[in-house]
Amino acid sequence: MRFPLSTPPAIPAGTLASGPQPTLAVGDSLVLRPWQASDASTFLAAYQDPEIRRWHTRRPDSEDQVREWFAYYRQAWRQETAASWAMTYGGGEPLGRMVLGAMDLGDGVAVCAYWVVPAARGAGVASRSLRAVSDWALGAGFHRLELDHSTRNQASCRVAVKAGFRAEGTRRNAAVHPDGRHDMHLHARVSGDD
């Protein structure tokens, strides 16, 4: 049960779901678009990568399960709880995944997460995509965007910093990974940050 706010919501309910999930152009040929059924095999293959498996403990087992996830992503947009994009060049083959999840429209807070396929790493795809999604979200009325990553995941830390997410601290033993519990670095970008 959610109790009513005593203050106006940061984003009125129905604002996001009144239209389709946006496709975001990132200034060059990089485009963030909603996932399509034809992306299922690429999405599943990405989760075979050891680095993605290392940092993401929820992963699909089949293309059918991927399509269920895609259906969930569409439903989450309609319910204004999350948005998930495929990172692509020109709208084509997915290079990675960008998520704006745990949306709290009342407080204007959401959580970001991402992964990139091995062939696209090192080209700034994740940091540019994270910047684009956070610019869009802050422009849509969110006030605070958070992300966390294992203190052992230096690549994710670089992505966060490049995208304007400031380090705020360490959450001790905050997540379980395949090799056990990890401390997590917390980053945030808030409305008004450069």
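See above for the structure.
These numbers come from a predicted model, not from an experiment.

Draft legend 1. Examining the overall build of the protein more closely. The number of helices and strands found in the protein is 5 helices and 8 strands. Whereas a compact globule of 194 residues would reach a radius of gyration of roughly 16 Å, the protein reaches 16 Å, a difference of no more than 12%. Each principal axis of the C-alpha atoms in the protein carries an extent, and together these give about 45 × 35 × 35 Å. Counting the 194 residues in the protein, one finds 46% classified as buried. Within the protein, residue pairs in contact and separated by at least 24 positions form 63% of the contacts whose partners lie at least 6 positions apart. Carbon and sulfur atoms make up 52% of the accessible area of the protein, which totals about 10000 Å².

Draft legend 2. The sheet that holds strand 8 (residues 180-190), seen in detail. The strand order across the open sheet built from 8 strands is 1-2-3-4-5-6-8-7, with neighbouring strands paired in mixed fashion. Since the sheet does not close on itself, it has two edges, and those belong to strand 1 (24-25) and strand 7 (166-177), each with one partner. The strands touched by helix 4 (residues 125-139) within the sheet are strand 1, strand 2 (30-34), strand 3 (83-89), strand 4 (94-104), strand 5 (109-116), strand 6 (144-150) and strand 8, with strand 4 carrying the most contacts at an inclination of about 30°.

Draft legend 3. Main features of the pairing of strand 4. By the criterion of burial, strand 4 is predominantly enclosed, with 9 of the 11 residues buried. Pairing geometry for strand 3 and strand 4, over 6 bridges, is antiparallel. The partner of Ala86 across the bridge, within strand 4, is Arg97. The hairpin formed by strand 3 and strand 4 contains 4 residues between the paired strands, and Gly90 there has a positive phi angle of roughly 65°. Inspection of the sheet shows strand 4 paired to strand 5 by 7 bridges, in the antiparallel sense. In the strand pairing of strand 5, Asp104 is matched with Val109. Joining the antiparallel neighbours strand 4 and strand 5 is a turn of 4 residues, in which Gly108 adopts a positive phi near 75°.

Draft legend 4. Structural context of the nonpolar core. By size, the foremost hydrophobic cluster in this structure holds 49 residues, and its most contacted members are Phe43, Trp85, Leu100, Tyr114, Leu130, Phe142 and Leu145. With 8 residues, the single largest contributor to this core is helix 4. Apart from residues lying up to four places away in sequence, Leu145 is in contact with Leu100, Ala110, Cys112, Ser134, Ala137, Leu138, Phe165, His187, Ala188 and Arg189.

Draft legend 5. Here's a closer look at the side chain of His177. With respect to the secondary-structure elements, His177 resides in strand 7. Using a relative accessible area of 6% as the deciding quantity, one classes His177 as buried. Residues within four places of His177 in sequence aside, it is in contact with Arg54, Trp55, Thr57, Ser150, His182 and Met184.

Draft legend 6. Seen up close, the packing of helix 4 against helix 5 (residues 154-162). Remark: helix 4 packs on helix 5, axes separated minimally by 8 Å, with the N-to-C direction vectors making an angle of 40°. The angle between helix 4 and helix 5 falls in the class oblique. Pair helix 4 / helix 5 crosses with right-handed handedness. Across the interface between the two elements, Ala126, Ser127, Leu130 and Arg131 of helix 4 pack against Val159, Ala160 and Lys162 of helix 5.

Conventions and cut-offs
Residues numbered from 1 in each chain as written. Predicted model: local features only at pLDDT ≥ 70, side-chain atom pairs only at ≥ 80, totals over all residues. Heavy atoms only, no water. Helix = DSSP H or I, 4+ residues; strand = E, 2+ residues; numbered from the N terminus. Rg over C-alpha atoms; globule rule 2.2 N^0.38 Å. Buried < 20%, exposed > 50% of the residue type's maximum accessible area, 1.4 Å probe, protein only. Contact = heavy atoms within 4.5 Å. Areas by Shrake-Rupley, 256 points an atom, 1.4 Å probe, with all protein chains shown as cover. Pairing = 2+ DSSP bridges. Axes fitted to C-alpha atoms, helices over the stretch in contact; angles between N-to-C directions. Core = buried A, V, L, I, M, F, W, Y, C linked by side-chain atoms within 4.5 Å. Parallel < 35°, antiparallel > 145°, perpendicular 65-115°, else oblique. Left-handed = near helix turned anticlockwise from the far one by under 90°.

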